[in-house]
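# Observations on the three-dimensional arrangement
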Amino acid sequence: MKLIFMGTPNFAVPSLEALVDAGHEIAAVYTQPPRPAGRGRQVRRSPVHEAALARGFEIRTPSRLRREPAEHEAFAALGADAAIVAAYGLILPPAMLDAPRLGCLNVHASLLPRWRGASPIQSALLANDARTGVSIMQMEEGLDTGPVLAEAAVDIAPDETASTLHDRLALLGASLLVETLERPLAPTPQPENGVTYADRLTRESGRIDWTRPADEIDRQIRGLTPWPGAFTTLDGETLKIGAALPAETTGGVPGEIVDDRLTVRCGVGALRLIRLQRPGRTMMEAEAFLRGQNLPAGTRLGD
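Residues numbered from 1 in each chain as written. Predicted model: local features only at pLDDT ≥ 70, side-chain atom pairs only at ≥ 80, totals over all residues. Heavy atoms only, no water.

The subject of this paragraph is the overall build of the protein chain. The helix and strand inventory of the protein chain stands at 8 helices and 16 strands. Counting only C-alpha atoms and orienting by the principal axes, one finds that the protein chain spans roughly 65 × 45 × 35 Å. Every one of the 303 residues in the protein chain was classed for burial, and the buried ones make up 49%. A fraction of 63% describes how many contacts in the protein chain between residues 6 or more apart in sequence connect residues 24 or more apart. On the protein chain, roughly 14,800 Å² of surface is accessible, and the fraction owed to carbon and sulfur atoms is 49%. In the protein chain, the 32 positive side-chain charges and the 37 negative ones have mean positions that sit 5 Å from each other. (Helix = DSSP H or I, 4+ residues; strand = E, 2+ residues; numbered from the N terminus. Buried < 20%, exposed > 50% of the residue type's maximum accessible area, 1.4 Å probe, protein only. Contact = heavy atoms within 4.5 Å. Areas by Shrake-Rupley, 256 points an atom, 1.4 Å probe, with all protein chains shown as cover. Lys, Arg positive; Asp, Glu negative; His and termini not counted. Charge placed at Lys NZ, Arg CZ, Asp CG, Glu CD.)

Here the focus is the sheet that holds strand E9 (residues 131–138). Strand order in the open sheet formed by 7 strands is E5-E2-E1-E6-E7-E9-E10, with mixed pairing between adjacent strands. The two strands at the open ends of the sheet, each matched to only one other strand, are strand E5 (59–60) and strand E10 (148–155). The pairing of strand E1 (residues 2–7) with strand E2 (residues 25–30) spans 5 bridges and is classified as parallel. By the bridge assignment, Lys2 is partnered in E2 with Glu25. (Pairing = 2+ DSSP bridges.)

With that settled, consider the pattern of salt bridges. In a structure, side chains of opposite charge can pair up when their charged atoms sit close to one another. All told, the structure shown has 15 salt bridges when counted by the stated rule. When the shortest N-O distance is used, the salt bridge between Asp81 and Arg101 registers 3.0 Å. Of this pair, Asp81 sits in the loop between helix H3 (69–76) and strand E6 (82–86) while Arg101 is found in the loop between helix H4 (94–97) and strand E7 (104–108), placing the two residues 20 residues apart along the sequence. We classify Arg101 as exposed; its relative accessible area is 58%. The network of salt bridges with shared partners includes Glu17, Asp21 and Arg55. (Salt bridge = Lys/Arg side-chain N within 4 Å of Asp/Glu carboxyl O.)

Look at helix H1 (residues 13–21) against helix H6 (residues 162–181): their axes get within 8 Å of each other, and the N-to-C directions meet at 35°. Once H1 is placed against H6, the crossing between them reads as right-handed. Contacts from Pro14, Ser15, Ala18 and Leu19 in H1 reach Ala170, Leu171, Gly173, Ala174, Leu177, Val178 and Leu181 in H6. Here the residues of the contact of H1 with H6 sort into 9 nonpolar, 2 polar and no charged. (Axes fitted to C-alpha atoms, helices over the stretch in contact; angles between N-to-C directions. Left-handed = near helix turned anticlockwise from the far one by under 90°. Nonpolar A, V, L, I, M, F, W, Y, C, P; charged D, E, K, R; others polar.)

The next point concerns the nonpolar core. Formed by 40 residues in total, the largest nonpolar core has its most connected members in Phe5, Leu16, Ile84 and Leu169. The element that contributes the greatest number of residues to this core is H6, accounting for 8 residues. If we skip the residues at most four places from it in the chain, Leu16 touches Phe5, Ile26, Val29, Val48, Ala51, Ala52 and Phe57. Among the nonpolar cores identified, the runner-up in size contains 21 residues, and Ile208, Ile221, Leu234 and Leu295 belong to it. (Core = buried A, V, L, I, M, F, W, Y, C linked by side-chain atoms within 4.5 Å.)

Time to look at helix H7 (residues 214–223). Most of H7 is tucked away, with 8 of its 10 residues classed as buried. Among the residues of H7, Ala214, Ile217, Asp218, Arg219, Gln220, Ile221, Arg222 and Gly223 are the ones counted as buried. Buried residues belonging to H7 abut helix H5 (120–126), H6, strand E12 (230–234), strand E13 (237–247) and strand E15 (270–277).

Its place among the elements puts His49 in helix H2 (residues 47–55). Owing to a relative accessible area of 9%, His49 belongs among the buried residues under this scheme. Not counting the four nearest positions on each side in its chain, His49 is found in contact with Thr31, Pro34, Ile59 and Thr61.

Following this line, the structure appears as structure tokens:
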């Protein structure tokens, strides 16, 4: 098929590569414009932008699409059979949704209608879902409300992080997308029951409340790694928590370190901190962290 590809982050790259490897023609690649990123705030191209450059594709980086008739006309002029959208980051107006012969297809990282919205991978982990997956959806104006063309499920491992689940679902979505395009499209309306929404994450989503149960905090740490990252505070300084393990303790109050192994009392149960990061430093193992930072029993986190 002649396809338009629309995506921005790493999640979308395997889908683009899979389409090319399957022999589809890529008429153009749409991605978010280069923006400042990282500690140095240097302007960087998106992962999809870099992948498209390597392949020599035409790249388009509009900063907005709604109420932009010239963009709509340029999109339609490509004469694509379909547009493939994977974590693009801009809402497509009706003029663009209807332009390709087969419409626009979305690679979405959940089993719809569960976790419509911006953060389906993280939301599945935070909610302690036993399984999730990928849906290939026919796009319409509503937020992830379109009929589903195909889906594939995976079990969520007990130690799964958003990072590991992201990588698994990105590859699964790429293979499922290629399979879907090899057969006639047969959209199935989403069921009315079971709809949930994945809120857009902010940095504040990662703030740890030590009065919550240890298992909930553990899911928060795993579900928000690597972004936005779970964090607490120590003497007014942000302390990122990269990993933790359930632990047993009978003493202390929520947020208190109760031994020399960085075991922290929670509202119910406790967690032993495994990986930590101070501002301006790299994430490090607890043993290495303690060589440069004294955190004796009785230290309170989150004050």
